[in-house]
Amino acid sequence: MAMDSCHHLLGSAEVIQHNEEQMQAENLASSAVPDSRRVSTRAGRTSYTAMDVNRCVILEGTDDEMICSAYRETAARTILFYFLVLITVGLILLVFYWKPDWKVRVRSVPCSVESAKHVILHDRYDRRHVKRIQELTPPNNMKIFKRKSDKQHPTGDSSKPYLSLSRITKSGLQASLFFEHKFLKFLWNGESFLPLRGFDFEVTVHDLQDMAGGLCEAEKRLRRILFGLNSIAVEITPMITVLFREILHPFYIFQLFAIAVWCADEYYSLPAVIVITSTITISLSLYLTRKQNRMIANMSSGSGPVRVLVNGNFEKRQSTKLLPGDVIEIEANQTTVWCDCVVLSGCCVVSESMLTGESVPVVKGPLESSNPVNDYYDQNRHRQHTLYGGTKVLDVYSNQGTDPPRAVVIRTGFYTEKGKMIESMLSPSPLDYTHYNDSLKFILVMAIFGLFGCALTITFLSRLGADAGLIVKRVLDLLTIVVPPGLPAAMTIATIYAQRRLRKAQIFCISPPRIAISGKIDCMCFDKTGTLTENDLKLWGVVPCSDKSSDDQSSGVQKPAFEETVHDSALLPRKGEIGQECFYALASCHSLVSIDGEISGDPIDLELFKSTNWKMTKPKEDWCSECNFAFSAAEDDEIKLALARVYQFNSAIRRMSVIAKGIGDDRYHVYVKGAPETIAKQCNQCTVPANFEEKLLSYTRQGYRVLALATKDIEIVSDVGSVERDFAESNLRFLGLIVLKNPLKSGTTDTITKLNSARIRTVMATGDNLETAIHVAKECKMVGPADNIVIVKAEPTSEIKRVALSWEPLEAGDDESSLPIETSFSSLKPIVENPPDIRNHLAMTGDTLELIRTHSNELYNRVLMSATVLARMKPEHKRYLVEGLQETKYTVGMCGDGANDSGALKAAHSGIAIAEIEASIVAPFTSMKSDISCCIKLIREGRAALVTSFGMMKFLCIYCFVQYLSLIFLYTISSYLSDIQFLFADLGVTTLVTLFFAIGRASPVLHKSLPHTSIVSPVMLSCLLLQIVALVLVQTASFLTLQNQSWHTPLVPNLTDPKANIVCNENTVLFYTSCFQDMMLAFVFYEALPHKEPVYKNVPYFVGFILLSTWTLIMFFVPVEPILTFFSLTTLNYDVGFRFVLLSFYVVNIIFATFIEKFLLHSKSYARFLSNVGRKFSRVRQNTVDEDKDQQPVYHCELQKQLEQDPAWPPVGQKTSINV
């Protein structure tokens, strides 16, 4: 039965995925183009009919899909625009500055793209960008002539939404319209705007190799028009411009409005304070903005001389003149690569630390392919042949003669990888500003209260007979009070303090808004090697094959056996011919380089080479003169082995190889090293031991990292560069296994344990062997000792359109963490009494994950909920993993240490790169600490910043509501608060909160409960509403109690002199009440434990709070005439009993407020109650859309509950399939 249900589930996945894509596309189209006629296509996307002549879809089917709408100006609309400017005295220009698309819509009318002057781009984040249409005309309307070889090659996938330079070169380019967006050109092709691409798209390996002759002048003229200068120039915006941009922010414009209103009412004290505090805030913001701009400008700027092929000769030119298609020489004294280029000949040793955070030198070799005509260039697959702009050249060498390496330029300027990273820093993802958007929604709620209060003010003052001028003043006063003027500072100051504390902990941030997002993390992904485990692996031993063969009982074929493990590499030659070959493989099969006499490179290669006790030198003798490096024994300078060719490690095929030549040999030797299962497939199966898999599992299940060695001999050829890699790495002879110890870093287990205790899910994504990864997951407590591990394997079947899945449990005997045999009953008693929660963890390879992702979206979501160990993960697999978890509404953190993690680090909500440099653009955060404890620190600081920001926002908004409420009551008798009363509340309590609220440090313990992640959530808003109700009741009770006092004489309003109405009993009671409520709010909204240290540890805030509270109590209970006069207060008839009645109201208020904020806000029962209420009121709507429920977003909490209640999940021990 379980099998049948699983088949049914998997079989329907494709339909569900199709419906989801169609719904998402239609939602985007309908939100952007409400009046368009939409037609659904078979692919599930939305196309547009010919009637929508002013609209098109850009980058359709990608994450950057946008709706483009075209507009042109008309005389009538222009007159309307200037009329609006005139009647609003120019104020509408401010609105147009905030909303540029509104200006275009007012001044222009929709039109066809061919006649448009502007376009409005609507992206998937609901942002709108206005771009000016320009015309691109090639010189003299020239066309690029086809090369002779172009007609032989296909043009690639022309359905992709890009315009490649390769396509332009083949088809030519006529006059075209274009606009620039994010520093890139988008060209009109008659149907849509296509983003321009360099020679990184739709170009074959043969095309790139055919460009070795460089560019002619005609080609250069057009490409200069297309791509401009090769520069990533980020201008540092002048301070005056930044200042005006800051001042024109809506919050500061509102502050200017409030200051004008208050000054018109002859209230100068608070405006002066606001001006001072705003000046400090703006100055701080300008400083941080300037510092950030300078950092980005320093990262991006730079140019230098480079040798370019011009008319058959290399000449020195400035790097800014480089164009795609130029051929350049990479010289040894060239310190920086100024563009993205593909190596055509020779090899380069470069450091990519700026882009990847890794300081290990990388060797880049010439581009080649076994089928260059049909093999298209792919930057991920051909990464080891690609030099990236911004990287440092450490050394160069050539395979042929003494000429420097040559490379063809494929991308320049912002089209390079470095340019894309700089652009992403200049235009951060909108997810960085969700907190900001929530605050705007919150302010909107407060503004609604303000409008209601304005209506009451007009009603009350009109009944009293007040003149229109006074009513307008009071209404404007109320509007300026209800929206907190200190909110801009509150939104940034918590992040600023958190960033300073992170910097002290050697965690550097290039995207400060992501600090608060880090406080929401509930899933943390880790790379293994270099992140969870030490980067420097230690050689445990080499297991060579035996020269002798034995019968394989299963096949009857003679196969070698494994020898005993050799722990000292120097003893390998004593193990016969295969031992000698293993030794030579250790000495030569690597990509190490010697720079200034120091050998550097991959840590594993370095460890294996050092174990041979050989040394690396430059070839000196004739027999190896064509080689790049030679090797000799440490005690002997005689060269015994030389490297003629290196095929770099490729993550797609999981192996590397070299072609070496020994002294006196008449043949070349190929040595191959890589993943054991991959190497075994490349070998002649007669040379692979019969117990290969059993031997491999015995080591990987103990946590060792295992590599395999293989070799073959090939004939001497005149040009070793002509030997194809596929030939060199086929039909090999298996040599043996390399076993390395991969110990955990010192802080790994402690960090994972803390994350588990905090209920933050942990996932491992590694390129290592699956069994090794499982062992490490157990060792670091990512998988509990009582948990079950299910290994999932997927592979296409011989049947068409089916993928077979197996769900095999890890055998109990394979659990290295199981209890020892001799276990006393006393040690087992705690386990029996408190049995641990047993979880099912899925373990699989990246290929399995990719197959499931491709063919079943529903199963993919289920697998993501349980997957903990993912091995043999390629860089794109890691990115898919992060994005998949995000789609199920996880807030995902990613921690890694290298280039293989860069895609996942950038895709994650918070990516942390462990690097040796202070700032790396590979991730928003860079930690100079070598372990993963930085994750705990970042999450703790993120949570502290989050609760601090929410606390400050709630206080400032509700504090304004307290004043707003007091004024509403006073307006009923035409009274008002005095300037000193306003100043005491604004300068005293507000300044205390604004300056010292955020100083409180994060809690040293990462708590299991997450902070609230949105200030506009139902729980948060309902609690604030209850607080407001309590405030209204207390102020109403105080006001009415005063009216019932026998000694109280009601105020007779003086409408000719409003200031005479200030000193009255009503004013005094409401002032005392609002002061106590303000102090109460400052106390209850300061959220300390569990995410921040207790309030008393924030010394400035705690001391200030005590002093202000003491002063308020003294004023309340000890009525001193000079103080009362100064604050415009009355004696309240010196009635102590009345004061205690008021105090009882205040005490009840603070008890109720504390209950709401400290208990109800964090109550799960209350959250469930609100959820049930919400579902009850939305039941009718649910019934109408019930048929589309499978198309709704998947929330991981709900999905996890479903899986826990499903007894058939996972289908352990079963074999299932996916209908493709």
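Residues numbered from 1 in each chain as written. Predicted model: local features only at pLDDT ≥ 70, side-chain atom pairs only at ≥ 80, totals over all residues. Heavy atoms only, no water.

Concerning the pairing of strand β36 (residues 788–796)
The two faces of a sheet get side chains in turn, since along a regular strand they alternate between them.
Right, so step 1: Pairing of β36 with strand β38 (residues 840–845), which is carried by four bridges, proceeds in the parallel orientation. Paired with N788 across the strands is N840, a residue of β38.
Right, so step 2: Here β36 runs beside strand β37 (residues 802–809); their pairing, made up of seven bridges, is antiparallel. The residue bridging V792 from the neighbouring strand is W807, located in β37. (Pairing = 2+ DSSP bridges. Helix = DSSP H or I, 4+ residues; strand = E, 2+ residues; numbered from the N terminus.)

What about the sheet that holds strand β17 (residues 347–351)?
Right, so step 1: Taken together, three strands build an open sheet; the order of strands is β18-β17-β20 and the sheet is antiparallel. The sheet terminates laterally at β18 (362–364) and β20 (392–397), the two strands that pair on one side only. This sheet shows a mean twist of 25° between the axes of neighbouring strands, independent of strand direction.
Right, so step 2: Sheet topology places β17 next to β18; three bridges connect them, and they run antiparallel. What sits directly across from V349, in β18, is V363. (Axes fitted to C-alpha atoms, helices over the stretch in contact; angles between N-to-C directions.)

Observations regarding a positive patch on the surface
Right, so step 1: Taken together, the side chains of R759, K1008, K1164, R1168, R1175 and K1201 present a region of like positive charge at the surface.
Right, so step 2: Looking at the positive patch element by element, the count peaks at three residues for helix α37 (residues 1164–1177).
Right, so step 3: With respect to the helices, strands and loops of the structure, K1201 is situated in helix α39 (residues 1196–1205). (Patch = residues over 30% accessible without salt bridge, like charges linked within 9 Å, V, L, I, M, F, W, Y side chains within 5 Å. Areas by Shrake-Rupley, 256 points an atom, 1.4 Å probe, with all protein chains shown as cover. Salt bridge = Lys/Arg side-chain N within 4 Å of Asp/Glu carboxyl O. Lys, Arg positive; Asp, Glu negative; His and termini not counted. Charge placed at Lys NZ, Arg CZ, Asp CG, Glu CD.)

Details of helix α31 (residues 979–996)
Right, so step 1: The first and last C-alpha atoms of α31 sit 24 Å apart over 18 residues, in line with the 26 Å expected at 1.5 Å per residue.
Right, so step 2: At T990, α31 shows its strongest bend, of approximately 30°.
Right, so step 3: Among the residues making up α31, those that are buried are Q981, F982, L983, F984, A985, D986, G988, V989, T990, L992, V993 and T994. (Expected span 1.5 Å × (residues − 1). Bend = angle between axes of the 7 residues up to and from the residue. Buried < 20%, exposed > 50% of the residue type's maximum accessible area, 1.4 Å probe, protein only.)

What to know about the side chain of T948
Right, so step 1: Tracing the sequence through the fold places T948 in helix α30 (residues 933–971).
Right, so step 2: Beyond its immediate chain neighbours, meaning those up to four positions away, T948 contacts A494, F997, A998 and K1092. (Contact = heavy atoms within 4.5 Å.)

Quick notes on the packing of aromatic side chains
Right, so step 1: Inspection of the entire model under this criterion finds 40 aromatic pairs.
Right, so step 2: Taken together, a centroid distance of 5.1 Å and an interplanar angle of 90° make the contact between Y1072 and F1116 edge-to-face. Residue Y1072 is located in helix α33 (residues 1065–1084), and its partner F1116 is located in helix α34 (residues 1099–1117); the two are separated by 44 residues in the primary sequence. The burial state of Y1072 is the same as that of F1116; both residues are buried.
Right, so step 3: Between F1076 and F1116, the ring centres sit 5.4 Å apart and the planes meet at 85°, which makes this aromatic pair edge-to-face. In this pair, F1076 is assigned in helix α33 and F1116 in helix α34, connecting sequence segments 40 residues apart. Across the pair, exposure class does not vary: F1076 and F1116 are buried alike.
Right, so step 4: Feature note: the residues F984, F1071, Y1072, F1076, F1116, F1117, F1126, F1127, F1140 and Y1146 constitute an aromatic cluster, connected by ring pairs.
Right, so step 5: If you follow K712 out to its NZ or CZ, it ends over the ring of F727, 4.3 Å from the centre.
Right, so step 6: Over the face of the ring belonging to W1209 we find R862, whose NZ or CZ atom lies 5.5 Å from the ring centre. (Phe/Tyr/Trp six-rings, centres within 6.5 Å; stacked < 30°, edge-to-face > 60°. Lys NZ or Arg CZ within 6 Å of the ring centre and 35° of its normal.)

Topic: the pattern of salt bridges
Right, so step 1: Going through the model one piece at a time under the given rule, you end up with 39 salt bridges.
Right, so step 2: With a closest N to O distance of 2.9 Å, R317 and E315 form a salt bridge.
Right, so step 3: Assessed through its relative accessible area of 34%, E315 is described here as partly exposed.
Right, so step 4: One salt bridge connects E1157 with K954, and the closest N-O pair in it is separated by 2.3 Å. Here the residue E1157 occupies a position in helix α36 (residues 1136–1158), and K954 occupies one in helix α30, the gap between them amounting to 203 residues.
Right, so step 5: On the accessibility criterion, E1157 (5% relative accessible area) is buried.
Right, so step 6: Three or more residues are tied together by salt bridges with common partners; here these are R197, D200, D340, R411, E417 and K420.

Looking at the nonpolar core
Right, so step 1: Judged by nonpolar contacts, the single largest core of 92 residues is most densely connected at F955, L967, F1071 and Y1072.
Right, so step 2: Sorting elements by how many residues they give to this core places α30 first, with 19 residues.
Right, so step 3: Core analysis: the second largest hydrophobic core is formed by 72 residues, L537, F562, V720 and L732 among them. (Core = buried A, V, L, I, M, F, W, Y, C linked by side-chain atoms within 4.5 Å.)

Digging into the sheet that holds strand β15 (residues 327–329)
Right, so step 1: Strands sit in the order β14-β13-β15-β21-β16-β19 across an open sheet of six strands; the sheet is antiparallel. The strands lining the two open edges of the sheet, one partner per strand, are β14 (313–318) and β19 (386–387).
Right, so step 2: Sheet analysis places strand β16 (residues 340–345) next to β19, joined by two bridges and oriented antiparallel. Bridge pairing in β19 places V342 opposite T386.

Some points on helix α18 (residues 576–588)
Right, so step 1: Between its first and last C-alpha atoms α18 spans 19 Å; for 13 residues at 1.5 Å apiece the expected length is 18 Å, and the two agree.
Right, so step 2: Among all positions in α18, only I578, G579, E581, C582, F583, A585, L586, A587 and S588 are buried.

Structural notes on the state of the cysteines
Right, so step 1: Following the criterion strictly, the structure yields zero disulfides and no others.
Right, so step 2: You can see C348 has no disulfide; the closest cysteine sulfur is in C347, sitting 7.3 Å from it. (Disulfide = S-S within 2.5 Å.)

Examining unusual backbone geometry
Right, so step 1: Residue L1089 is joined to P1090 through a cis peptide bond whose omega torsion reads 15°.
Right, so step 2: The step from W1209 to P1210 runs through a cis peptide bond, and the omega angle for that step is -10°.
Right, so step 3: When you line up the elements, P1210 lands in the loop between α39 and β43 (1215–1219).
Right, so step 4: Phi at L1132 takes a positive value of approximately 55°, unusual for a residue other than glycine.
Right, so step 5: Taking relative accessible area as the criterion, L1132 reaches 0% and is therefore assigned buried.

Points about the confidence of the model for the protein
Right, so step 1: With 86% of its residues at a pLDDT of at least 70, the protein reaches an overall mean of 82.
Right, so step 2: Throughout residues 815–834 the model reports pLDDT below 50, and contacts reaching past four residues in sequence, or to other chains, amount to ten contacts. (pLDDT = per-residue confidence, 0-100.)

Concerning the environment of A908
Right, so step 1: With respect to the helices, strands and loops of the structure, A908 is situated in the loop between α29 (902–907) and β41 (910–914).
Right, so step 2: With residues up to four places along the chain from it excluded, the contact list for A908 reads R514, V882, Q886, V892, G893 and M894.

Quick word on the pairing of strand β40 (residues 892–896)
Right, so step 1: Here β40 lies mainly inside the structure; five of its five residues are buried.
Right, so step 2: Of the two faces of β40, the one lined by V892, M894 and G896 and the one lined by G893 and C895 are each fully buried.
Right, so step 3: Pairing analysis gives four bridges linking β40 to β41, with the strands arranged parallel. Residue G896 lies in a different strand from β41, and its bridge partner there is A913.

A short note on a nonpolar patch on the surface
Right, so step 1: Judged by side-chain polarity, W1111, L1113, I1114, F1117, V1118, V1120, V1136 and F1140 come together as a nonpolar surface patch covering roughly 640 Å² of accessible area.
Right, so step 2: Breaking the nonpolar patch down by element, the ones donating at least two residues are α34 and α36.
Right, so step 3: For the nonpolar patch, the leading source of residues is α34, giving four residues.
Right, so step 4: By the element assignment, W1111 lies in helix α34.

What about the environment of R124?
Right, so step 1: With respect to the helices and strands, R124 occurs in the loop between β6 (118–123) and β7 (128–132).
Right, so step 2: A residue is classified by how much of its surface remains accessible, and R124, at 47% relative accessible area, is partly exposed.
Right, so step 3: Sequence separation between R124 and D63 is 61 residues, and the spatial gap between their C-alpha atoms is 8.1 Å.

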